[in-house]
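# A structural walkthrough
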Amino acid sequence: MLRVLFALLAGLFGAALLHLVIILSLPHFTGKDAATRVALEGDLETFYLLGPSADTAGLSNNDPFVRTAVCSFDIEENPVRFTARGNVPFWSVALFDDASNEIFSMNDRTSVGGAVDILIGSPIQLTELRKSLPQELQRTILVETTRSGGYAVLRTLAPQASFEDAAKSFLSEASCQEFAPSN
């Protein structure tokens, strides 16, 4: 009797675990995961502003007080640098790998000088950079990742109509570019 009960519990646990794995992996196999959708926005290393209705990639910005831009990147050859400056009441940035796992996030309250200045690269790339850090990267936050692809999500607030121009300017002037160290 004890063996039957154990077999029954093991079967139920196994079935629950299998269902959980299937549900969590489904977006990866259907191409509807966030990384795939951001990559469908367009060229690599370019921020794309999201509108209030879903675009061709299926992404949208549903919060009336938040403006959002996304950028897909690849650090296979060189690290990628993210910069943005502007007079906005609040901003946040999050970096994700191509499996949609968050690698790094910060906001204007935790930044150096209130600006976005982040460089993401592989451990080898960043080790080489640290050996002789260029002057332009002295205040840049260096983020390591072992995966070569990913995406960034940059958000800012526009709580009133008077903030709209500043928010759009902040996002449209944001940079997501490959950083090629000069030798």
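One can find the structure itself at the top, above this paragraph.
Residues numbered from 1 in each chain as written. Predicted model: local features only at pLDDT ≥ 70, side-chain atom pairs only at ≥ 80, totals over all residues. Heavy atoms only, no water.

Our next topic: the pattern of salt bridges. A full pass over the atoms with the stated rule returns eight salt bridges. In this structure, R67 engages E164 in a salt bridge whose closest nitrogen and oxygen atoms are separated by 2.8 Å. Separated by 97 residues along the polypeptide, R67 in strand β2 (residues 66–74) and E164 in helix α4 (residues 164–172) bring together distant segments of the chain. An identical accessibility class is assigned to R67 and E164; each is buried. A salt bridge links R147 to D98; the nearest nitrogen and oxygen atoms lie 2.7 Å apart. Linking R147 in the loop between β7 (141–144) and β8 (149–157) with D98 in the loop between β4 (91–97) and β5 (102–107), this pair joins segments that are 49 residues apart in sequence. A residue is classified by how much of its surface remains accessible, and R147, at 36% relative accessible area, is partly exposed. (Salt bridge = Lys/Arg side-chain N within 4 Å of Asp/Glu carboxyl O. Helix = DSSP H or I, 4+ residues; strand = E, 2+ residues; numbered from the N terminus. Buried < 20%, exposed > 50% of the residue type's maximum accessible area, 1.4 Å probe, protein only.)

By convention here, two paired aromatic rings are described through the distance between centres and the angle between planes. Evaluated as defined, the whole model comprises four aromatic pairs. Look at F73 and F82: their rings are 5.5 Å apart centre to centre, the planes differ by 75°, and that puts the pair in the edge-to-face class. Using a relative accessible area of 2% as the deciding quantity, one classes F73 as buried. A connected cluster of aromatic rings, assembled from ring pairs, spans F47, F73 and F82. (Phe/Tyr/Trp six-rings, centres within 6.5 Å; stacked < 30°, edge-to-face > 60°.)

Let us look at the sheet that holds β2. Within a sheet, each strand pairs with its neighbour through backbone hydrogen bonds, oriented either parallel or antiparallel. Within the open sheet, the five strands sit side by side as β1-β2-β8-β4-β5. Their pairing is antiparallel. Of all the strands in the sheet, just β1 (48–49) and β5 have a single pairing partner and so form its edges. The sheet contact formed by β4 and β8 spans seven bridges and is antiparallel. Across the sheet, the residue bridging to S92 is R155, located in β8. Packed on one face of the sheet, α4 meets β1, β2, β4 and β8 and runs near 160° to β8. (Pairing = 2+ DSSP bridges. Contact = heavy atoms within 4.5 Å. Axes fitted to C-alpha atoms, helices over the stretch in contact; angles between N-to-C directions.)

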